[in-house]
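# Chain and residue survey
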Amino acid sequence: MCMIYIFTALYPEAKPLLRTFSLKRSETELPFEVYENKDRSLRLVITGAGMNAAACGVSAVFGRYGAGETDHLLNVGTCAGNGTFGDMYLCNKITERNKGHTYYPDILYRHGLREAEIITEPTVWNGEKEKGVLHDMEAAAVYQAGSFWLGPHQMSFIKVVSDGGISERMTPQVLERAMEINLGLLETYVGVLSRISEQNEEQEKREQYYMEEAEQICQELHCSQTMRAAVIQCLKYWTLAGVDYQGLFNDMRENNELPCRDRREGKKRFEEIKKRLL
């Protein structure tokens, strides 16, 4: 089953999401709060604030549950910036202030959100003016830890402006309110990720199916490595084109045309198959 992992730093940031997605506390031996929905397609983790806590949280959770090609990481939280309170952004560039390293999550689908760069700081941002740039204490660490399991296209970073830096005093109520303003947009975005994950899962099942088919036909044709690659390529094409190659293979088996006696006969039979299907 595809899984969406949501990582937040603080409970007030997570609280509105727990209500919206009906997430319940999960019993786990991990030293982090983990919440899941009923069908376990959505898992939320509260890591704690700062880069170390964020990296440890992502690593511990993925080490415990794993993460694959159909899963997605979503880092959600508040940030400092020069924007209006409650402004929400999808981050297209992440910079780690200490080392100057930059990371670029791949945004491959339409989302309707404003985009911005975010800088991950070791401490609370001092409020110096940097136009169009957000500041937090976790995003770069989440990206770095997540990249051991997931690709850039499987990680998203959504940040909501809650303050203008170190001069402002934050309370749990302020952080929760900033998240609540954007619940509708967050719910829509999670829905987009869910549909993408489901599509990827279906694609993975199709690929697994035709790879099993390819393995069987390669054995029956006594394929060399070069010929095996050609068979796999043809099966991919026939699958995407909706060609009924299974019907032809079954007919050939009934007529004792498959399996072949040796590689020479297999090569000849493969050429016949391509002529009949292409």
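Presented here is an overview of the structure given in this document. (Residues numbered from 1 in each chain as written. Predicted model: local features only at pLDDT ≥ 70, side-chain atom pairs only at ≥ 80, totals over all residues. Heavy atoms only, no water.)

## Some words on the side chain of Thr8
- Examined against the element boundaries, Thr8 turns out to sit in strand β1 (residues 4-8).
- A residue is classified by how much of its surface remains accessible, and Thr8, at 1% relative accessible area, is buried. (Helix = DSSP H or I, 4+ residues; strand = E, 2+ residues; numbered from the N terminus. Buried < 20%, exposed > 50% of the residue type's maximum accessible area, 1.4 Å probe, protein only.)

## Some details on the environment of Glu121
- One can find Glu121 in the loop between β8 (114-120) and β9 (133-136).
- Taking the C-alpha atoms as reference points, Glu121 and Met170, separated by 49 residues in sequence, lie 17 Å from one another.
- Contacts of Glu121, omitting those with residues within four sequence positions, involve Arg97, His135, Asp136 and Met137. (Contact = heavy atoms within 4.5 Å.)

## Description of the packing of helix α7 (residues 245-254) against helix α8 (residues 263-277)
- The N-to-C vectors of α7 and α8 enclose an angle of 135°; their axes lie 11 Å apart at closest approach. Between α7 and α8, the crossing angle belongs to the class labelled oblique. Two packed elements cross with a definite hand, and for α7 against α8 that hand is right-handed. Residue-level inspection shows Tyr245, Leu248, Phe249 and Met252 of α7 in contact with α8, the latter providing Arg269, Ile273, Arg276 and Leu277.
- Counted by class, the contact of α7 with α8 contains six nonpolar, no polar and two charged residues. (Axes fitted to C-alpha atoms, helices over the stretch in contact; angles between N-to-C directions. Parallel < 35°, antiparallel > 145°, perpendicular 65-115°, else oblique. Left-handed = near helix turned anticlockwise from the far one by under 90°. Nonpolar A, V, L, I, M, F, W, Y, C, P; charged D, E, K, R; others polar.)

## Description of the packing of aromatic side chains
- Under the defined criterion, the tally for this structure stands at nine aromatic pairs.
- Look at Trp238 and Phe249: their rings are 6.5 Å apart centre to centre, the planes differ by 70°, and that puts the pair in the edge-to-face class. Of the two residues, Trp238 sits in helix α6 (residues 225-241) while Phe249 sits in helix α7, which places them 11 residues apart along the sequence. The residues Trp238 and Phe249 share a single accessibility class, namely buried.
- Through a chain of ring-to-ring contacts, three or more aromatic side chains come together here, namely Tyr5, Phe7, Phe62 and Trp149.
- If you follow Arg43 out to its NZ or CZ, it ends over the ring of Tyr65, 3.7 Å from the centre.
- The ring of Tyr89 carries the charged tip of Arg114 above its face, separated from the ring centre by 5.0 Å. (Phe/Tyr/Trp six-rings, centres within 6.5 Å; stacked < 30°, edge-to-face > 60°. Lys NZ or Arg CZ within 6 Å of the ring centre and 35° of its normal.)

## Some details on the environment of Glu13
- Within the secondary structure, Glu13 is located in helix α1 (residues 11-20).
- Sequence separation between Glu13 and Gln173 is 160 residues; the distance between their C-alpha atoms is 9.5 Å.
- Glu13 has contacts with Thr8, Val76, Gly77, Thr78 and Met179, leaving out every residue within four places of it along the chain.
- A polar side-chain atom of Glu13 sits 3.2 Å from the main-chain amide nitrogen of Ala9.
- Among the polar contacts listed, one links the side chain of Glu13 to the side chain of Thr78, at a separation of 2.6 Å. (Polar contact = N/O pair within 3.5 Å; in protein donor to acceptor, adjacent residues only side chain to side chain.)

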